[in-house]
Amino acid sequence: MRILIDAMGGDNAPEAVVRGAAAAAAEFGVDVVLIGQEERIRSVLSAAHVPEGGRVSVVDAPEVITMEDDPATAVRRKKNASMSVMLQMLSRGEGDAAISAGSTGALLSGATLTVRRIPGVRRACFAPVIPNEGKGLLLADCGANSECTPEYLLQFAYLADIYAREVMGIASPRIALLNIGAEDSKGGELQKQTFALLQAEKEAGRLNFVGNLESSAIFSGVADVAVADGFAGNVLLKSIEGTAKFLMSRLKAAMTKNTKNKLAALALRDDLAALKGMLDASEVGGTPLLGLRRCVIKAHGSSDERAIRSAVLQAVRCAERDVTGIIEKNIGFMRIEKTQEGE
């Protein structure tokens, strides 16, 4: 197993990326290829006492794609950037999966252009895992496609269903459609048409569609996958992230307000740690970009060593379970005969 990693992507690159990748290589017994400015990478490896060779190798890529670069053209303009070289190597089959904590837009456009979508997949989608009462809720899409057709959402459901089965270990993922109400008739034309498509797949025995899902029920554990257009999905995800940060900050302030509260916090230490862990993105690793010919993981821009380690594990599972191969085998079920004109 060979995992390609953009060592220069993210707020804490290359230190956190290199250390996290090296730790993952040793723990999981996989080969990692660190792509970026060679001298800086080797300096971090030396400081971390990671020997050259073995399961960790370095590929020089002198340029870096920054947040100031135009996402749509960055990979084409900076062909020697770490992200660009990583995607080129992945496309040539020189790795089983790729990870970057760099620019989301650049990774999306670059991966679509270089790695390319699986034939028949109309749009790739980002699918992060949101913590809930079960194994987590896979949200597809969360921002890759702000404007969608019913066929896109049908495909997102299939892509997420396969990922939830193979990587998350859910035998029969419950697929729900994010909507403004739980009733079958709710939503605009996009939601109504998508509902009909998903219902037909349920009746054919191909998807475990459980109906509409309101955002207030996201954490309830009644669904394993939520299908949404990228605009609604991104609004939901950012709202959850912001709310979690606000509540945790207020909880911390309350628990340190006085001696009585500090004693209560001490008594609840393990429970509070468990709650914090549930909301910690570092435990998940990253967000898969589903629908591409090879596995691509988008790690959070602020990823630390632990988050990179988790992203490597996530990439390994995705590659081992051959998620892309399973999608290819099922592509026939993901198409509808009539699509919108111009699609």
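You'll find the structure just up there.
Caption draft 1: Region of interest: the packing of aromatic side chains. Enumeration according to the criterion identifies one aromatic pair in this entry. Measuring from ring centre to ring centre gives 5.2 Å for phenylalanine 195 and phenylalanine 209, while their planes differ by 75°; the resulting arrangement is edge-to-face. Taken together, the positions of phenylalanine 195 in helix α7 (residues 189-203) and phenylalanine 209 in strand β9 (residues 208-213) put the pair 14 residues apart, joining distant regions of the chain. Overall, the relative accessible area of 1% leaves phenylalanine 209 in the buried class.

Caption draft 2: Structural context of the sheet that holds strand β2 (residues 31-36). Sheet architecture is open: seven strands sit in the order β3-β2-β1-β4-β12-β11-β5, paired in mixed fashion. If you trace the sheet from one side to the other, it starts and ends with β3 (56-60) and β5 (125-126), each paired once. Where strand β1 (residues 2-6) and strand β4 (residues 97-100) come together, three bridges link them in parallel fashion. By the bridge assignment, isoleucine 3 is partnered in β4 with alanine 97. Running at roughly 160° to β1, helix α4 (residues 82-91) makes contact with β1, β2, β3, β4 and β12 (295-299) of the sheet. Relative to β12, helix α11 (residues 305-320) is tilted by about 160°, and along the sheet it contacts β1, β4, β11 (286-290) and β12.

Caption draft 3: Molecular detail of the packing of helix α1 (residues 15-28) against α11. Between α1 and α11, the shortest axis-to-axis distance is 7 Å and the interhelical angle comes to 45°. Comparing the axis directions of α1 and α11 gives the class oblique. Considering how the two elements wind past one another, α1 and α11 form a crossing that is right-handed. For the pair α1 and α11, the contacting residues are Ala16, Val17, Arg19, Gly20, Ala21, Ala24, Glu27 and Phe28 in the first and Glu305, Ile308, Arg309, Val312 and Leu313 in the second. Partitioned by chemical class, the residues of the contact of α1 with α11 number eight nonpolar, one polar and four charged.

Conventions we followed
- Residues numbered from 1 in each chain as written.
- Predicted model: local features only at pLDDT ≥ 70, side-chain atom pairs only at ≥ 80, totals over all residues.
- Heavy atoms only, no water.
- Phe/Tyr/Trp six-rings, centres within 6.5 Å; stacked < 30°, edge-to-face > 60°.
- Helix = DSSP H or I, 4+ residues; strand = E, 2+ residues; numbered from the N terminus.
- Buried < 20%, exposed > 50% of the residue type's maximum accessible area, 1.4 Å probe, protein only.
- Pairing = 2+ DSSP bridges.
- Contact = heavy atoms within 4.5 Å.
- Axes fitted to C-alpha atoms, helices over the stretch in contact; angles between N-to-C directions.
- Parallel < 35°, antiparallel > 145°, perpendicular 65-115°, else oblique.
- Left-handed = near helix turned anticlockwise from the far one by under 90°.
- Nonpolar A, V, L, I, M, F, W, Y, C, P; charged D, E, K, R; others polar.

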